[in-house]
Every structure is written in structure tokens, then in C-alpha cells.
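# Chain and residue survey
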Amino acid sequence: MGEKAVESGLCLMTTEPINQMQILLEDEQKMQVFGEKIAQVIGQINAPLLILLNGDLGAGKTTLSRGILNGLGHRGSVKSPTYTLVEPYDLEIGKVFHFDLYRLVDPEELYDIGFNDYLTESQLCMIEWPDKGGSLLPKADISLQINSNGTGRKVILTAQTSLGSQCVNELR
């Protein structure tokens with residue numbers, strides 16, 4: 001059953017509920033542990049995934065990515081790919097690519113780095129600052145929003161595909 005949109009005054013609402021969950025994380029350690037939990041689910045599902053990581057500078061996008069990568073078996077350092085745009089990881093589940101589009105000036109630059117090739121080769125793509133990719137990014141399986149919440153963080157996961165829904169349901 002596909003999503004049906006209903007126009008209501010000034011907003012557009014969907015008639016099907018969005019599969020979403022929220023979690024409050026007290027500190028950086030909890031963010032990393034939550035990333036490891038996401039990795040467990042990714043390992044169980046064993047299908048290619050695209051995850052978008054949204055949040056302000058310093059929100060914890062790279063920390064969460066580090067937790068996911070460590071949970072998938074990566075044992076080296078994990079740095080933000082701010083200057084390189086992408087960091088590749090060859091892990092047991094397959095190829096994982098961690099993107100940071102913060103310094104992207106024009107979404108067309110994604111073509112220059114062979115972005116579509118990364119998508120077809122990967123088991124997992126995580127993209128920080130996805131808004132910089134504009135309409136050139138495909139629909140993600142999961143979109144994460146990380147917001148400051150006092151000294152901690154509020155993470156909102158929104159499933160955008162049936163595979164994403166499966167992941168979010170497993171995380172509950």
C-alpha cells in the first residue's frame with residue numbers, strides 16, 4: 001500500500017503513520033553505544049542501506065557513525081570525512097562508505113566523485129550533511145536527526161522505506 005497524501009489547509013499530511021522513534025542519549029559514550037546497537041540491526045538485516053545523518057556542527061553525527069562502524073567490526077580510528085568527502089571501509093558485511101557533504105559547494109560535485117558508483121558498491125552508506133546533496137541523493141532508508149537536549153542529545157530516526165521500517169522496528 002503506497003502513501004496517500006491529503007491536502008489539508010496549508011500543510012500536506014500522509015494518511016499512513018510514519019515509522020519513527022526517538023531516543024535521549026546522555027553523553028558521547030551513549031551515542032557510540034547506540035551506534036553499535038544500530039550496527040547489530042544492520043548486520044541482522046543484511047541488505048544495502050542508505051542512512052542520512054542530520055544535525056548541527058558538533059551534534060554527534062560522526063560519533064554515531066563511529067559507533068556504527070565499530071559495531072560492524074571496524075577497529076581503527078574513525079574520522080569525519082569533512083575534507084575527503086568520503087571514507088571507505090571494507091568490513092565483514094561488505095563495503096561501507098561514510099560521506100560528509102558539509103564542504104560541497106554544488107550538489108553536481110557528487111557526479112565528480114562518482115557518488116552513484118559508491119551507492120551501487122556499498123552495503124551501507126552513511127551521509128552527514130545530506131541537505132548539501134540536494135535532489136541528487138536517492139531516497140534514504142533511514143533519516144536521523146540529532147538535536148541538542150541539555151547536555152545530551154535527542155536522536156529521531158525516521159524510516160523512509162520498508163527496509164528502514166524494519167530497522168527502526170528492530171531498534172525498539
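It should be noted that the structure appears before, not after, this text.
Below you will find a few notes about this structure.

Okay, the overall build of the chain next. Secondary structure assignment for the chain yields 5 helices and 9 strands. Listing every helix and strand of the chain by position from the N terminus yields β-β-β-α-β-α-β-β-α-α-β-β-β-α. Expressed as a percentage of its 172 residues, the buried residues of the chain come to 47%. Of all intrachain contacts in the chain linking residues separated by at least 6 positions in sequence, the fraction that spans at least 24 positions is 63%. Working note: accessible area of the chain is about 9300 Å², and carbon and sulfur atoms make up 48% of it.

With that settled, the discussion passes to the pattern of salt bridges. Opposite charge on two side chains makes pairing possible when the charged atoms of those side chains draw close. Overall, the coordinates contain 2 salt bridges when judged by the stated rule. Here Glu87 and Lys79 are joined by a salt bridge, their closest N and O atoms 3.8 Å apart. Exposure remark for Glu87: the relative accessible area of 14% places this residue in the buried category. Residues Lys95 and Glu121 are paired through a salt bridge, measuring 3.8 Å at the closest nitrogen-oxygen approach. Here Glu121 lies in helix H4 (residues 115–121) and Lys95 lies in strand S6 (residues 94–100), a separation of 26 residues in the sequence.

Mapped onto the elements of the fold, Phe115 is located in helix H4. Assessed through its relative accessible area of 3%, Phe115 is described here as buried. Taking C-alpha positions, Phe115 is 9.5 Å from Val86, a pair spaced 29 residues apart along the chain. The residues contacting Phe115, other than those within four sequence positions of it, are Phe99, Leu110, Ile127, Leu137 and Pro138.

With 9 of 11 residues buried, helix H2 (residues 61–71) lies mostly within the body of the structure. Considered for burial, the residues of H2 that qualify are Lys61, Thr62, Thr63, Leu64, Ser65, Gly67, Ile68, Leu69 and Asn70.

A few words now on the packing of helix H1 (residues 28–45) against helix H5 (residues 162–171). One can describe the packing of H1 onto H5 by two numbers: an axis separation of 10 Å at closest approach and a directional angle of 130°. Taken together, the axes of H1 and H5 are oblique relative to one another. Handedness of the H1/H5 crossing: right-handed. Two secondary-structure elements touch here, H1 through Lys37, Ile38, Val41, Gln44 and Ile45 and H5 through Leu163, Gln166, Cys167, Glu170 and Leu171. Across the contact of H1 with H5, the residue classes break down as 6 nonpolar, 2 polar and 2 charged.

A separate point is H1. Across its 18 residues, H1 extends 26 Å between first and last C-alpha, which sits within 8% of the 26 Å expected from 1.5 Å per residue. Restricting attention to buried positions, one finds in H1 the residues Met31, Gln32, Phe34, Gly35, Ile38, Ala39, Val41, Ile42 and Ile45. Buried residues of H1, viewed axially, fall in a sector of 165°; they line one side. For H1, the exposed residues set more than 90 degrees away from the buried face come down to Gln29, Gln40 and Gln44. At the N-terminal boundary of H1, the capping side chain belongs to Asp27, with an oxygen 3.2 Å from the backbone nitrogen of Gln29. Just beyond H1, the residue with positive phi is Asn46, at close to 50°.

Definitions and limits used
- Residues numbered from 1 in each chain as written.
- Predicted model: local features only at pLDDT ≥ 70, side-chain atom pairs only at ≥ 80, totals over all residues.
- Heavy atoms only, no water.
- Helix = DSSP H or I, 4+ residues; strand = E, 2+ residues; numbered from the N terminus.
- Buried < 20%, exposed > 50% of the residue type's maximum accessible area, 1.4 Å probe, protein only.
- Contact = heavy atoms within 4.5 Å.
- Areas by Shrake-Rupley, 256 points an atom, 1.4 Å probe, with all protein chains shown as cover.
- Salt bridge = Lys/Arg side-chain N within 4 Å of Asp/Glu carboxyl O.
- Axes fitted to C-alpha atoms, helices over the stretch in contact; angles between N-to-C directions.
- Parallel < 35°, antiparallel > 145°, perpendicular 65-115°, else oblique.
- Left-handed = near helix turned anticlockwise from the far one by under 90°.
- Nonpolar A, V, L, I, M, F, W, Y, C, P; charged D, E, K, R; others polar.
- Expected span 1.5 Å × (residues − 1).
- Arc of directions from axis to C-beta.
- Polar contact = N/O pair within 3.5 Å; in protein donor to acceptor, adjacent residues only side chain to side chain.

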